[in-house]
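Inside the fold
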Amino acid sequence: MVSQKMQQGLVLGMSTAAFTICFMVWMMFAVLGVPIKELLQLNETQFGLLASTPVLTGSLIRLPLGMLTDRFGGRIVFFVLMLVCVLPIYLISEATQYWQFLVLGLFVGLAGGSFSVGIAYVAKWFDKSSQGLAMGIFGAGNAGSALTKFIAPAIIAAASWQMVPKVYSAIMFITALLFWFLTYENKAHRVPSSVSLGEQLKTLKDPRVWRYCQYYSIVFGGYVALALWMTKYYVQEYGFSLQSAALLAACFSLPGGVLRAIGGWMSDKWGAHSVTWWVMWVSWVCLFILSYPQTDFTVHTVNGPQTFHIGLNVWVFTALMFVMGIAWAFGKASVFKYISNEFPDRMGAVSGIVGLAGGLGGFVLPIMFGVLVDLTGVRSSAFMLLYGVVWVSLIWMYFSEVRKTPVMGSGSTASMNSAS
C-alpha cells in the first residue's frame, strides 16, 4: 500500500512533468513559427495570429476542463486531454498552407488547458498551509516555454522544422502513459454530483474573481505573449540567428516558469496581496524602460549638429526581461494563492475562469503586438501596450485592496483583509 505522502509526491511530480510537456507543445510556434513565417511570407499580424492561435483554444477550454476536474477528478481528465492532442501535433508536420497551420493550431492548443486540470488536481492533495508551494511547484511547468526554445531549434538545425511536431507528438504520448501509471485518484476530492453547473458557476459573480482575472492577464497572459514573441523580436531587432535568439528568449521564459514555486512559498509566508502588489510595481518599472524605442536625435550645438543615440543594447534588454520574468513567476503563484484561500471548494471552476482570462490575454496580445508593429513600425510598441495593462492592474488593486490591506504583513492578515 503506497503511503499518502508518496501519493502526494507522485501526483505533484508527474503533474508538473506532464504540464511542462503540455506547455512546451503549447508554445511550439514561438520557435516553429519563425521558419513558417519565412516559408509563407507572413506579415507581423499574420505571424501574431499564427503564434497565438493555440493559446485561444487553450484558454477557452480551461473553464470546462476545470469543471470536469471538479466533477470527475484530475487524473482521468489530464490523461484523456494529452491523448487527444497527440495526432494534431503530428499533423502539423504535413501542413503546407496558412489555414492548415491555424486549424491544427486550434487543436494543439487544447494542451494549454491542462493548467486548470492540474492546478485543481494538485491543490486538493495538500492542506492550506502548503498549497501555495505545491501549486507553485506545479506551475513551474510554465518552464516548458523555455524548454521548447532549447529543443525545437536543435531539432530544426539537425533535421528540419517538420521534425519538431513529430518528436513532440511522441513525447506527448509517452508522457500521457507515464502520467496514468504513476498517479492516483482520490474520489473525496471531487465535487458532489448534487452540485449543479449553476452552483459551480455562481462564484463567478464575485467581483474578486474578475479582479484576479485582470492580474492574471498580465502575469500569465503577458508571459505567454512575450514567450511567443521574443524569439522573433531578437532576430529582427538585434539580428541574431534563430538558435541564438531562442537561447536569449529563454532568459525570460525560464525564470518565468521555474521560479513560480518560490512565488508560492512567498505567498504562503507573506500573503497573496503583498506579493502581487510588488510584482505589479516591478513590472511597471521594467516595462517603462523597455517601451523606449531605438532613437537617434540631432542637437544643434555651437560646434554644429551632433547626433546622439538612445536605446537598449541587447544585454540591458535581456537583463530587464530576466527581472520581469522572475516577477511574473512570483505573480502567477500569488494569484492562485488568492483563489485557494478564498474558493477552496470551487478551485476547478474559479481557476478555470481566471486561467481563461490569462490565456485570452496570451492570445490577444501577440496579435495586437503584430498590428502595432505593422501600424507604427516600432517594435517596442509591444512593451508600451503591456505597460498600459499593468497600469490598469495597479489602479484597480490600489482602490480595491491597498487602502484596506498593509503592503507588508503576515500572510494570514493579508489574505483575511483581501477577502473583505
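Residues numbered from 1 in each chain as written. Predicted model: local features only at pLDDT ≥ 70, side-chain atom pairs only at ≥ 80, totals over all residues. Heavy atoms only, no water.

**A short note on the overall build of the chain**
Along its length, the chain carries 20 helices and two strands. Viewed in the frame of its principal axes, the chain has a C-alpha envelope of about 80 × 55 × 35 Å. Residue burial in the chain is summarised as follows: out of 420 residues, 59% are buried. Expressed as a percentage of contacts within the chain between residues at least 6 apart in sequence, the contacts between residues at least 24 apart total 84%. Of the roughly 16,100 Å² that the chain leaves accessible, carbon and sulfur atoms contribute 70%. Taking the average location of the 24 positive side-chain charges in the chain and that of its 15 negative ones, the two points are 7 Å from each other. (Helix = DSSP H or I, 4+ residues; strand = E, 2+ residues; numbered from the N terminus. Buried < 20%, exposed > 50% of the residue type's maximum accessible area, 1.4 Å probe, protein only. Contact = heavy atoms within 4.5 Å. Areas by Shrake-Rupley, 256 points an atom, 1.4 Å probe, with all protein chains shown as cover. Lys, Arg positive; Asp, Glu negative; His and termini not counted. Charge placed at Lys NZ, Arg CZ, Asp CG, Glu CD.)

**Regarding the pairing of strand 2 (residues 304–310)**
In this structure, strand 1 (residues 295–301) lies alongside strand 2, joined through seven bridges in antiparallel fashion. In the strand pairing of strand 2, Val299 is matched with Gln306. Counted between consecutive antiparallel strands, the loop separating strand 1 from strand 2 contains two residues. (Pairing = 2+ DSSP bridges.)

**Comments concerning the packing of helix 12 (residues 207–219) against helix 19 (residues 381–402)**
For the pair helix 12 and helix 19, the least separation of the axes is 9 Å and the interaxial angle reads 150°. Here helix 12 lies roughly antiparallel to helix 19, going by the angle between them. Seen along the crossing, helix 12 lies across helix 19 with a hand that is left-handed. Across the interface between the two elements, Trp210, Arg211, Gln214, Tyr215, Ser217 and Ile218 of helix 12 pack against Leu386, Val389, Val390, Val392, Ser393, Trp396, Met397, Ser400 and Glu401 of helix 19. (Axes fitted to C-alpha atoms, helices over the stretch in contact; angles between N-to-C directions. Parallel < 35°, antiparallel > 145°, perpendicular 65-115°, else oblique. Left-handed = near helix turned anticlockwise from the far one by under 90°.)

**Some thoughts on the nonpolar core**
Ranked by size, the top nonpolar core spans 133 residues in total, and within it Met172, Leu226, Trp328 and Val354 carry the most contacts. Looking at which element gives the most residues to this core, the answer is helix 17 (residues 314–342), with twelve residues. Discounting chain neighbours no more than four positions away, the residues touching Met172 are Ile21, Cys22, Val25, Met82, Cys85, Val86, Ile89 and Ala111. (Core = buried A, V, L, I, M, F, W, Y, C linked by side-chain atoms within 4.5 Å.)

**Looking at the environment of Ala134**
Relative to the elements of secondary structure, Ala134 occurs in helix 8 (residues 128–139). With relative accessibility at 2%, the residue Ala134 sits in the buried group. Distance from Ala134 to Arg190, taken between C-alpha atoms, is 19 Å for residues 56 residues apart in sequence. Ignoring anything within four residues of it in the chain, the contact list for Ala134 reads Leu12, Val122 and Phe126.

**Side note on the pattern of salt bridges**
Side chains that differ in sign of charge can pair as their charged atoms come close. Under the defined criterion, the tally for this structure stands at six salt bridges. For Lys232, the salt bridge is made with Glu44, and the minimal N-O distance between the two is 2.5 Å. Of this pair, Lys232 sits in helix 13 (residues 221–238) while Glu44 sits in helix 3 (residues 44–60), and the two are 188 residues apart along the sequence. You can call Lys232 buried: its relative accessible area is 4%. Here Asp268 makes a salt bridge to Lys337, at a shortest N to O gap of 2.8 Å. (Salt bridge = Lys/Arg side-chain N within 4 Å of Asp/Glu carboxyl O.)

**Describing the packing of helix 5 (residues 74–91) against helix 7 (residues 114–123)**
Helices that pack against each other are described as a pair by the angle of their axes relative to one another and the distance between those axes. At a closest axis distance of 9 Å, the pairing of helix 5 and helix 7 adopts a crossing angle of 155°. Classified by the angle their axes make, helix 5 and helix 7 are roughly antiparallel. For the pair helix 5 and helix 7, the crossing hand works out as left-handed. Contact residues: helix 5 offers Gly74, Arg75, Val77, Phe78 and Leu81, while helix 7 offers Ser114, Val117, Gly118 and Tyr121. A breakdown of the residues in the contact of helix 5 with helix 7 according to their chemical character gives five nonpolar, three polar and one charged. (Nonpolar A, V, L, I, M, F, W, Y, C, P; charged D, E, K, R; others polar.)

**As for the confidence of the model for the chain**
Interpretation of the predicted coordinates at a detailed level should be avoided for regions scoring low in pLDDT. Within the chain, residue pLDDT values average 86, and 92% of them lie at 70 or more. Here helix 20 (residues 411–419) stands out as the least confident element of the chain, with mean pLDDT 42; helix 10 (residues 163–181) is the most confident, with 96. (pLDDT = per-residue confidence, 0-100.)

**Quick look at the environment of Glu38**
Following the sequence through the fold, Glu38 ends up in helix 2 (residues 29–40). In this structure Glu38 comes out as exposed when scored by relative accessible area, which is 55%. On a C-alpha basis, the gap between Glu38 and Leu133 in space is 42 Å, while along the polypeptide they are 95 residues apart.

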